[in-house]
Amino acid sequence: MRIALIIACIGHVICGITDCMLAYTKDGRFDFSDIKDNEKMQKTFSSMPLKQVELAMFIGIIALFASGFGYIEISRWISETSPVTGHIMLIASMFFLVLISAHHVLCGAVEWFYVKLGRTDEALKAVTDFFKSTIIAAIAYVGLLVFAVLFFILIVTGKTDLQRWACVFNTIPAFLVLAPTKVPAKGNIANAFMFLGLALML
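None of the values given here were measured: they were computed from a predicted structure.

This part takes up the packing of aromatic side chains. Counted according to the given criterion, the structure contains 11 aromatic pairs. With a centroid separation of 4.9 Å and an interplanar angle of 85 degrees, the aromatic rings of Tyr-71 and Phe-195 are classed as edge-to-face. Separated by 124 residues along the polypeptide, Tyr-71 in helix α3 (residues 50–79) and Phe-195 in helix α8 (residues 186–201) bring together distant segments of the chain. Exposure remark for Tyr-71: the relative accessible area of 0% places this residue in the buried category. Taking the centre distance of 6.2 Å and the plane angle of 50 degrees together, the rings of Phe-96 and Tyr-141 count as tilted. Pair noted here: Phe-96 is in helix α4 (residues 83–116) and Tyr-141 is in helix α6 (residues 140–156), with a separation of 45 residues, a long-range link. One aromatic cluster is present, built from ring pairs that chain together Tyr-71, Phe-96, Tyr-141, Phe-147, Phe-151 and Phe-195.

Here it is as C-alpha cells:
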C-alpha cells in the first residue's frame, strides 16, 4: 500500500507542476478573472510557448493516472472493513480522476488555441465560449469531495486502524488551510499532503 500512496503523492506533485506550467508565463500569472481583459491576457501570454502548454496537458494526464493508484488502494483498504463505503469511495475517486483529467486538458486547450489564434479579441471570445461550454467537467470535484468526506468520517469515528488525529491527513482540512494563501495548485498540494501523510502512517 505504501508504494501506491507514494506514487499517488508524486503524481499530484507533478500535476501541480503542470498546473503552474499553464498558469505562469515569463510575463506574469494567468488568472481566470483575466479573461475579461484581453489586453492583460495578451501581455500574460505574449511569450507562452505552445510546447509548454502541450507538455503540461500530456504530463498532467500521466500524473493524474499515477495518482489513481493511491485512491484505489485506499478504497480497497476501506473495503476490507466497510465494503459499501469502500466501493462508494472507489466510484467517487474514479469519477473525479476521469473528469478532472478531461478538465485539465480542456483548460490547456483553451490556452493553446488562444495563443495559436493570435491572442486577438475574437480568439478570446472563441476560447471563452468553448471553456464555458465544457466547464461541466469541473463537476469532478464532487467525486473528490465524496471520497474525502467519507474517509474523514471513517477515521474520526474510529472505523479504521488509524488514530483519530490522522484525520488531518485529508484533502479537505489541507485545502482549507491553503485556501486563503496565494500558493498555486492548492488542490494538488492538498491531495499530495494526504497521500504523503498516509504513506508515513500505514
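This paragraph deals with the packing of helix α1 (residues 2–23) against α3. Look at α1 against α3: their axes get within 7 Å of each other, and the N-to-C directions meet at 155 degrees. By the angle between their axes, α1 is roughly antiparallel relative to α3. Taken as a pair, α1 and α3 cross one another with a handedness that is left-handed. Each residue belonging to the contact of α1 with α3 can be placed in one class, and the counts come to 18 nonpolar, seven polar and one charged.

What follows covers the pattern of salt bridges. Pairing between side chains becomes possible if they bear opposite charge and their charged atoms approach one another. Going through the model one piece at a time under the given rule, you end up with five salt bridges. Two residues, Glu-54 and Lys-51, come together in a salt bridge whose shortest N-O distance is 3.5 Å. With a gap of three residues between them, Glu-54 and Lys-51 both fall in helix α3, about one helical turn apart. With its nearest N and O atoms 2.7 Å apart, the salt bridge here joins Arg-76 to Glu-73. With a gap of three residues between them, Arg-76 and Glu-73 both fall in helix α3, about one helical turn apart. Residue classification places Arg-76 among the partly exposed residues on the basis of a relative accessible area of 39%. Accessibility expressed as a relative area gives 15% for Glu-73, which makes it buried. Each of the salt bridges in this network shares a partner with another, and the network as a whole consists of Glu-73, Arg-76 and Glu-80.

Looking at the secondary structure, you find Leu-144 in helix α6. In this structure Leu-144 comes out as buried when scored by relative accessible area, which is 9%. In sequence terms Leu-144 and Ala-92 are 52 residues apart; their C-alpha atoms lie 6.5 Å from each other. Beyond its immediate chain neighbours, meaning those up to four positions away, Leu-144 contacts Tyr-71, Ala-92, Phe-96, Thr-171 and Asn-191.

Right, let's get into unusual backbone geometry. Its identity is not glycine, yet Arg-119 carries a phi of approximately 60 degrees, on the positive side. Structurally, the position occupied by Arg-119 is in the loop between α4 and α5 (121–134). Look at Ala-185: it is not a glycine, yet its phi comes out positive at around 55 degrees. Along the chain, the position of Ala-185 falls in the loop between α7 (171–178) and α8.

Cut-offs and rules
- Residues numbered from 1 in each chain as written.
- Predicted model: local features only at pLDDT ≥ 70, side-chain atom pairs only at ≥ 80, totals over all residues.
- Heavy atoms only, no water.
- Phe/Tyr/Trp six-rings, centres within 6.5 Å; stacked < 30°, edge-to-face > 60°.
- Helix = DSSP H or I, 4+ residues; strand = E, 2+ residues; numbered from the N terminus.
- Buried < 20%, exposed > 50% of the residue type's maximum accessible area, 1.4 Å probe, protein only.
- Axes fitted to C-alpha atoms, helices over the stretch in contact; angles between N-to-C directions.
- Parallel < 35°, antiparallel > 145°, perpendicular 65-115°, else oblique.
- Left-handed = near helix turned anticlockwise from the far one by under 90°.
- Nonpolar A, V, L, I, M, F, W, Y, C, P; charged D, E, K, R; others polar.
- Salt bridge = Lys/Arg side-chain N within 4 Å of Asp/Glu carboxyl O.
- Contact = heavy atoms within 4.5 Å.

Remember that the coordinates give geometry; whether it matters functionally is a separate question.
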